[in-house]
Amino acid sequence: MTDADERDADDVPPVADRADDVAERAAVAERAARAGAAVANEGFRSDIDVETKGEDDVVTEADRAAQRTVIEKIRESYPDDAVVGEEEDERKTVPDDGAAWVIDPIDGTNNYVRDVRIWATAVAAVLDGEPVAAAIVAPALGDTYTADATGAYRNSDPIAVSDASEPRDAAVDPTIWWAYDARDEYARACEAIVARFGDMRRLGAAQVVLPTVAAGGLEGTITNLRANPWDTVAGVFVVRRAGGRVTDLEGNRWRHDSKGLVASNGALHDEVLAAANEIESD
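The rules behind these values
- Residues numbered from 1 in each chain as written.
- Predicted model: local features only at pLDDT ≥ 70, side-chain atom pairs only at ≥ 80, totals over all residues.
- Heavy atoms only, no water.
- Axes fitted to C-alpha atoms, helices over the stretch in contact; angles between N-to-C directions.
- Helix = DSSP H or I, 4+ residues; strand = E, 2+ residues; numbered from the N terminus.
- Parallel < 35°, antiparallel > 145°, perpendicular 65-115°, else oblique.
- Contact = heavy atoms within 4.5 Å.
- Nonpolar A, V, L, I, M, F, W, Y, C, P; charged D, E, K, R; others polar.
- pLDDT = per-residue confidence, 0-100.
- Pairing = 2+ DSSP bridges.
- Phe/Tyr/Trp six-rings, centres within 6.5 Å; stacked < 30°, edge-to-face > 60°.
- Buried < 20%, exposed > 50% of the residue type's maximum accessible area, 1.4 Å probe, protein only.
- Salt bridge = Lys/Arg side-chain N within 4 Å of Asp/Glu carboxyl O.
- Core = buried A, V, L, I, M, F, W, Y, C linked by side-chain atoms within 4.5 Å.

Further remarks concern the packing of helix 6 (residues 206–214) against helix 7 (residues 233–241). Relative orientation of the contacting elements helix 6 and helix 7 amounts to 5°, with a least axis distance of 8 Å. Considering the angle they form, helix 6 stands roughly parallel to helix 7. The residues of helix 7 that touch helix 6, namely those facing Gln207, Leu210, Pro211, Val213 and Ala214, are Val233, Ala234, Gly235, Val236, Val238 and Val239. Residue composition of the contact of helix 6 with helix 7, by class: nine nonpolar, two polar and no charged.

And the structure:
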């Protein structure tokens, strides 16, 4: 384990000369996420048109409108920062230098268009490639998750990862959707989970799954895929600030461009990591 891995549960607090800026970015992230979620929620369970983008993905006008609202709120305070976003023409990669915002207007759009409540609007503030604050608002569930230099919270109450240390007491989620031509990997992910742990969940929205790990409702989540930053960065930060651990498939500290994502309560990380590494086994 590297020094970076050992710090994973505690993550990286802001340096002293950035503390005030980080606090303001945390406030902006929450305002922007709440505003975007409110716009998305107006279209939830309505007769909204659904379009396809790519083979297995869907999008609605609510996604676009919510993203525009999130960006407007960010621009009120930080007009020159880079924005990484899922929809429209925003950039798709996280810069390693400078300030940026990573946003997902509706994570879990497939749930959203099926009238399932498990979806969220996510906003992460990033400095020099590392998240420093995050807000994830799931209005249909009545939950708002935030994380900053002081810790992680659900509806303003502090949260922490589960203390389960026995695999049979754990529930794990296979997250990020596998394409139809990779269903063998999806099947192996499910098999690896049910063979090792007490139960499996599939919530269908990574930015809800990750804060659920942070709050102790799940002990882990796995994928072997290279996830998009808007699907992950905010939630990963919440897990870390809640005391959890997040790595790639090799057990190295996860970052926005890693292949695979393994998040856990820490105590069961080796077991969750082993399950993740079975996904691509022959």
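Below, the discussion takes up the confidence of the model for the protein chain. For the protein chain, the mean per-residue pLDDT works out to 91, and 90% of the residues sit at or above 70. Across residues 1–5, where pLDDT falls below 50, the model places seven contacts with residues more than four positions away in sequence or in other chains.

Spatially, seven strands are ordered 3-4-5-6-7-8-9 in an open sheet, and the strand pairing comes out mixed. Every interior strand has two partners, whereas the edge strands, strand 3 (82–85) and strand 9 (157–158), have only one. One ladder, built from seven bridges, connects strand 4 (residues 99–107) with strand 5 (residues 120–127); its direction is antiparallel. Bridging from a neighbouring strand, Ile103 pairs with Val123 of strand 5.

With the rule as written, the count across this model stands at six aromatic pairs. Judged by centre distance (5.5 Å) and plane angle (45°), the rings of Tyr78 and Trp101 are tilted. Placement of Tyr78 in the loop between helix 3 (61–77) and strand 3 and of Trp101 in strand 4 is noted, with a sequence separation of 23 residues between them. Here the two residues Tyr78 and Trp101 agree in accessibility, since each one is buried.

So, on to helix 6. When you tally the buried positions in helix 6, you get nine out of nine residues, the bulk of the element. By the burial criterion, the buried members of helix 6 are Ala206, Gln207, Val208, Val209, Leu210, Pro211, Thr212, Val213 and Ala214. Backbone geometry just after helix 6 places Gly216 at a positive phi near 90°.

To continue, consider unusual backbone geometry. Here the phi dihedral of Asp115 falls at roughly 65°; this positive angle occurs in a residue that is not glycine. One can find Asp115 in the loop between helix 4 (109–113) and strand 5. Asp115 gets classed as partly exposed once you look at its relative accessible area, which sits at 36%. Phi is positive for Asp128, close to 50°, though the residue is something other than glycine.

Here we come to the pattern of salt bridges. Close approach of charged atoms allows side chains with opposite charge to pair. Across all of its chains, the model carries 14 salt bridges by this definition. A salt bridge links Arg64 to Glu61; the shortest N-O distance between them is 3.5 Å. Of this pair, Arg64 and Glu61 are both found in helix 3, three residues apart, which corresponds to roughly one turn of the helix. Arg68 is the partner of Glu61 in a salt bridge, and the nearest nitrogen-oxygen pair spans 2.6 Å. Residue classification places Glu61 among the partly exposed residues on the basis of a relative accessible area of 39%.

Another aspect to go through is the pairing of strand 10 (residues 171–174). In strand 10, alternate side chains face the same way, and those of Ala171 and Asp173 on one face and Val172 and Pro174 on the other are all buried. Direction of pairing for strand 10 relative to strand 11 (residues 199–200): parallel, over a ladder of two bridges. Bridged to Val172 within strand 11 is Met200. Pairing of strand 10 with strand 12 (residues 220–223), which is carried by three bridges, proceeds in the parallel orientation. If you follow Pro174 over to strand 12, its bridge partner there is Ile222.

Most often, soluble globular proteins have nonpolar side chains that are buried together. Core analysis: the largest hydrophobic core is formed by 38 residues, its most contacted members being Val102, Ile136, Ile159, Val238, Val246 and Leu261. Looking at this core, the elements with two or more residues in it are strand 4, strand 5, strand 6 (130–138), strand 7 (143–148), helix 6, helix 7 and strand 14 (261–264). The element contributing the most residues to this core is helix 7, with six residues. Not counting chain neighbours up to four residues away, the residues in contact with Ile159 comprise Tyr145, Ala152, Tyr153, Arg154, Ala214, Ala215, Val238 and Ala242. Ranked by size, the runner-up nonpolar core spans 22 residues in total, among them Val22, Ile74, Ile103 and Ala135.

Moving on to the environment of Val272. Topologically, Val272 is positioned in helix 8 (residues 269–276). Taking C-alpha positions, Val272 is 8.9 Å from Pro167, a pair spaced 105 residues apart along the chain. Setting aside anything within four residues of it in sequence, one finds Val272 in contact with Val172, Phe197, Thr221, Ile222, Val262, Ala263 and Ser264.

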